[in-house]
Amino acid sequence: MASNTKPASTFRYGEKPVYTTSNGCPVESPQKFQRISNGPVLLQDFHLLDLLAHFDRERIPERVVHAKGAGAYGEFEVTHDVSDLTSVDMLNGVGKKTPLVARFSTVGGEKGSADTARDPRGFSLKFYTQEGNWDWVYNNTPVFFIRDPTNFPVFIHTQKRNPQTNLKDATMFWDYLSTHQESVHQVMTLFSDRGTPYSYRHMHGYSRHTHKFTKPDGSFVYVQTHLRTDQGIKTFTNEEAGKMAAENPDWNTQDLFEAIQRGEYPSWSVFIQVLTPEQAEKFRWNIFDLTKVWPQAEVPLRPVGKFTLNRNPENYFAEIEQVAFSPSHLVPGVEPSADPVLQGRLFSYPDTQRHRLGVNYQQIPVNAPLNAFNPFQRDGAMAVNGNYGANPGYPSSYHPLTYKPVSPALAAHEQWAGSVVNAVFAEVGPADYVQAAALWQVLGRTPGQQDNFVHNVAVHLCGAHVDTRERTYGMFANVDAGLGARIREETEKNVKN
Ligand code: HEM
């Protein structure tokens, strides 16, 4: 056959298309190159130059956090009616199904790092709804280290590599945490065995942030979302996770891919916690404080739906590396809350994706919404969607578009007035240790879990400078005096030199 008869993207693995240069010119041999006898190679050999030049540009920036990950496609189904709370189209109608793509990840490691590292896990979903893509960019733990958006870059720097040694650095790690003790609740989760999940299939997901579910009449409720694994929670101990990191650093990636290949489709049940604005005002905890949970005894879980992952990607780079999730990808019926960390995130994700993938990242097939139409965003590198053809790039009176009305003026809770302040979210105080102390008691209900926690902290903290160790013992003593003493004793036993 002299040439191919269909576009490259439609060939399936195993077909035998004609090999060509990038401009489609058939090539006699993938190995041959043009040269003068056994002398220099020729600049006219486009096949060689094309191949080398493309190879030279294969890498794009890895994600600044959550660089190592795995993903798959699936489907969400509504199991319970929530139309009393929200007009989100995807949630409207029991039995309604919506396609999705998921990506799981570790946070601090590079793209080639070990899957079983002690780290929170990213848990991202992109739903392709009729009213736009709705992204849930969640984690596997219910709270986070920070509640001030300014702290994210500096906190992450302490979890990554030391600028001089290029090594992970226990002093830096604990120096940050012990001087920002609002982190302690998340530290309690991270250093329990939940910090080393057995697989992506065996962990829950949490929105952590408060969002708002809205209705067209302008009313709304505050919600937090929980994704509960139907496979059950399964974790590694510290030593099992370390052994797996050495033997198979890609264990979680392999586990997810092979489970789906075997037809063992993992699923999660979706629940929400709901507070009315009036309840939120009287609630013991500030609902915009990302370091606190809404205790389930006070705010029960309400079932919403279920999702299942049932298809592996055909191409990892195209579909998983290039997928771009953002908490700002919302749809009618859901809005961000005033949580300052969430507000910071609304900016950060599309910003980094314009850098990581380019300004037209929403045109990449895995990111492309079903029904988007925005001809006022034109041109730019890699505009591959036809660039809206002859449609005017402004709101033309000759070719008006259809503009859909949005909800009426929002209720009292959304009318903000006040002076500009430049302040931290809140000073750390006794209330910041209450939920961490409760978690310490919860760990005590499963035999061995408190011991594992103390051990997991000790073998990490022992690498930190003595001043930092002392301050960290104080932090754990603020949670529980006995816990502080046990961590001191176990850590000092492990200190070398
Ligand atoms: C101010 C705080 C935060 C900032 C500035 C921030 C920033 C970022 C950035 C820049 C990325 C890389 C995105 C990309 O390259 O596509 C990322 C990834 C991610 N972040 Fe955050 N983040 C913050 C807090 C959080 C919190 C609180 C959560 C969980 C509730 C979270 C969950 C994730 C997840 C799951 C990913 C991976 C997304 C994927 O799979 O592609 N982040 N974050």
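Along each chain, residues carry numbers from 1 onward, in the same order as the chain's sequence is written. Predicted model: local features are reported for residues with pLDDT of at least 70 only, side-chain atom pairs are reported and counted for 80 or more only, and whole-chain, interface and lining totals are derived from all residues. With hydrogens and water stripped out, all remaining heavy atoms of the structure feed into the side-chain values.

As annotated in an unreviewed UniProt entry, the protein carries the name Catalase and comes from Lasiosphaeria ovina. UniProt lists a comment for the protein under the heading Function (unreviewed entry), and it reads "Catalyzes the degradation of hydrogen peroxide (H(2)O(2)) generated by peroxisomal oxidases to water and oxygen, thereby protecting cells from the toxic effects of hydrogen peroxide." Quoted straight from UniProt, the Cofactor (unreviewed entry) entry for the protein says "heme". UniProt positions are given in the numbering used here, feature names are shortened, and annotations may be inferred rather than shown by experiment.

Chemist: Can you explain the overall build of the protein? Please cite residues and give values.
Modeler: Broken down by element type, the protein carries 13 helices and 10 strands. Across the protein, every contact between residues at least 6 apart in sequence was considered, and the portion connecting residues at least 24 apart equals 72%. Here, Shrake-Rupley sampling with a 1.4 Å probe gives the accessible areas, and only protein chains in the shown set may cover a residue. Within the structure as shown, the protein displays about 25500 Å² of accessible surface, and the carbon and sulfur contribution to it stands at 55%. Of note, the protein has its 47 positive side-chain charges centred 3 Å away from the centre of its 52 negative side-chain charges. Secondary structure counts use DSSP, requiring at least four H or I residues in a row for a helix and at least two E residues in a row for a strand, with both numbered from the N terminus. We call two residues contacting when some pair of their heavy atoms lies within 4.5 Å. Think of it this way: Lys and Arg go in the positive column, Asp and Glu in the negative one, and His and the chain ends go nowhere. Throughout, a charge is located at the NZ atom of Lys, the CZ atom of Arg, the CG atom of Asp or the CD atom of Glu.

Chemist: Give me the UniProt feature "binding site: heme" (unreviewed entry) in the protein: which residues, what numbers.
Modeler: UniProt annotation of "binding site: heme" (unreviewed entry) refers to Tyr 349 when read in the numbering used here. By the element assignment, Tyr 349 lies in helix H9 (residues 340-356). Each residue touching Tyr 349, except ones within four places of it in the same chain, is listed here: Val 137, Phe 325, Ser 326 and Pro 327. Polar contact is the term for a pair of N or O atoms within 3.5 Å; when the atoms are in protein, one must be able to donate a hydrogen and the other to accept it, and sequence-neighboring residues count only if both atoms are side-chain atoms. A polar side-chain atom of Tyr 349 sits 2.9 Å from a polar atom in the side chain of Arg 345.

Chemist: Before we move on, can you summarise the site of the ligand with the specific residues and values?
Modeler: For this description, a residue counts as near a given molecule or strand if any of its non-hydrogen atoms is within 4 Å of it. Around the ligand lies a shell of 25 residues, among which Arg 63, Arg 103, Tyr 349, Gln 353 and Arg 356 are the nearest. Contact between the ligand and Arg 345: a nitrogen atom at 3.4 Å from a side-chain N or O atom of the residue. Per-element tally for the shell around the ligand: the top contributor is H9, with 7 residues. Class assignment for the residues of the shell around the ligand results in 11 nonpolar, 9 polar and 5 charged. Only Asp, Glu, Lys and Arg are considered charged in this grouping, and only Ala, Val, Leu, Ile, Met, Phe, Trp, Tyr, Cys and Pro are considered nonpolar; every other residue, Gly among them, is considered polar.

Chemist: Run through empty space enclosed by the protein, naming residues and quoting values.
Modeler: The distinction between a cavity and a pocket rests on a 1 Å grid over the protein atoms alone: a 1.4 Å probe fits inside a cavity but cannot get out, while a pocket stays open yet meets protein on both sides within 12 Å along at least five of seven lines, and a residue with an atom within 4 Å of a point counts as lining. Grid points are joined across faces, edges and corners, and a volume is the space filled by probe spheres set on the points. With the rule as written, the count across this model stands at 2 cavities of 30 Å³ or more. Estimates place the volume of the largest cavity at around 140 Å³. In this structure, the largest cavity is lined by 19 residues; those nearest its centre are Trp 134, Trp 136, Tyr 138, His 211 and Thr 225. Elements with a minimum of two residues in the lining of the largest cavity: strand E4 (132-139), strand E6 (211-214), strand E7 (220-229) and strand E8 (267-275).

Chemist: Just give me the short version of the nonpolar core, but keep the residues and values in it.
Modeler: Only buried Ala, Val, Leu, Ile, Met, Phe, Trp, Tyr and Cys residues count toward a nonpolar core, and they belong to the same one when joined by side-chain atoms within 4.5 Å. Throughout this description, buried means an accessible area under 20% of the type-specific maximum (1.4 Å probe, protein chains only), exposed means over 50%, and partly exposed covers the range between. Grouped together as the largest cluster of nonpolar side chains are 35 residues, with contacts concentrated most on Trp 174, Met 188, Phe 453, Phe 476, Leu 483 and Ile 487. Put simply, the parts of the chain that give this core at least two residues each are helix H2 (151-159), helix H3 (170-179), helix H4 (184-190), helix H10 (434-443), helix H11 (449-461), helix H12 (466-479) and helix H13 (481-494). With 5 residues, H3 is the largest single contributor of residues to this core. Other than its neighbours up to four places away in sequence, Met 188 contacts Ala 436, Leu 439, Trp 440, Phe 453, Phe 476, Val 479 and Leu 483. Leu 85, Trp 136, Met 203 and Phe 213 belong to the second largest nonpolar core, which has 34 residues in total.

Chemist: Go over the packing of aromatic side chains with me, naming the residues and quoting the values.
Modeler: By convention, a stacked pair of Phe, Tyr or Trp rings (six-membered ring in the case of Trp) has centres within 6.5 Å and planes under 30 degrees apart, an edge-to-face pair has planes over 60 apart, and any other such pair is tilted. Using the criterion set out here, one finds 29 aromatic pairs in the structure. Measuring from centroid to centroid gives 5.4 Å for Phe 123 and Trp 268, while their planes differ by 80 degrees, and the two rings are edge-to-face. Separated by 145 residues along the polypeptide, Phe 123 in strand E3 (residues 121-129) and Trp 268 in strand E8 bring together distant segments of the chain. Classification of Trp 268 as buried rests on a relative accessible area of 0%. The interplanar angle of 50 degrees and the centroid separation of 6.2 Å between the aromatic rings of Phe 127 and Trp 134 together place this pair among those described as tilted. The residues Phe 127 and Trp 134 share a single accessibility class, namely buried. Note on geometry: a ring has a charge over it if NZ (lysine) or CZ (arginine) is within 6 Å of the ring centre and within 35 degrees of the ring normal. Between the NZ or CZ atom of Lys 212 and the centre of the ring of Phe 220, over which it lies, the distance is 4.9 Å. We note Arg 311 situated over the ring of Tyr 73; from NZ or CZ to the ring centre the distance is 4.1 Å.

Chemist: Before we move on, can you summarise the UniProt feature "active site" (unreviewed entry) in the protein with the specific residues and values?
Modeler: Those places that UniProt annotates as "active site" (unreviewed entry) correspond, in this numbering, to His 66 and Asn 139. In summary, the annotated positions, though distributed over 74 residues, converge in three dimensions, the widest C-alpha pair being only 10.7 Å. Here His 66 lies in the loop between helix H1 (46-56) and strand E1 (69-78). Excluding residues that lie within four positions of it along the chain, His 66 makes contacts with Arg 103, Ser 105, Thr 106, Val 107, Gly 122 and Asn 139. Engagement of the side chain of His 66 in a polar contact is seen with the side chain of Ser 105, the distance being 2.9 Å. The topology assignment puts Asn 139 in strand E4. Judged by its relative accessible area of 7%, Asn 139 is buried. Beyond its immediate stretch of four places on either side in the chain, Asn 139 contacts His 66, Pro 120, Arg 121, Gly 122, Phe 123, Phe 144, His 204, Gly 205, Tyr 206 and Arg 208. At 3.4 Å, the side chain of Asn 139 and the backbone oxygen of Arg 121 are in polar contact.

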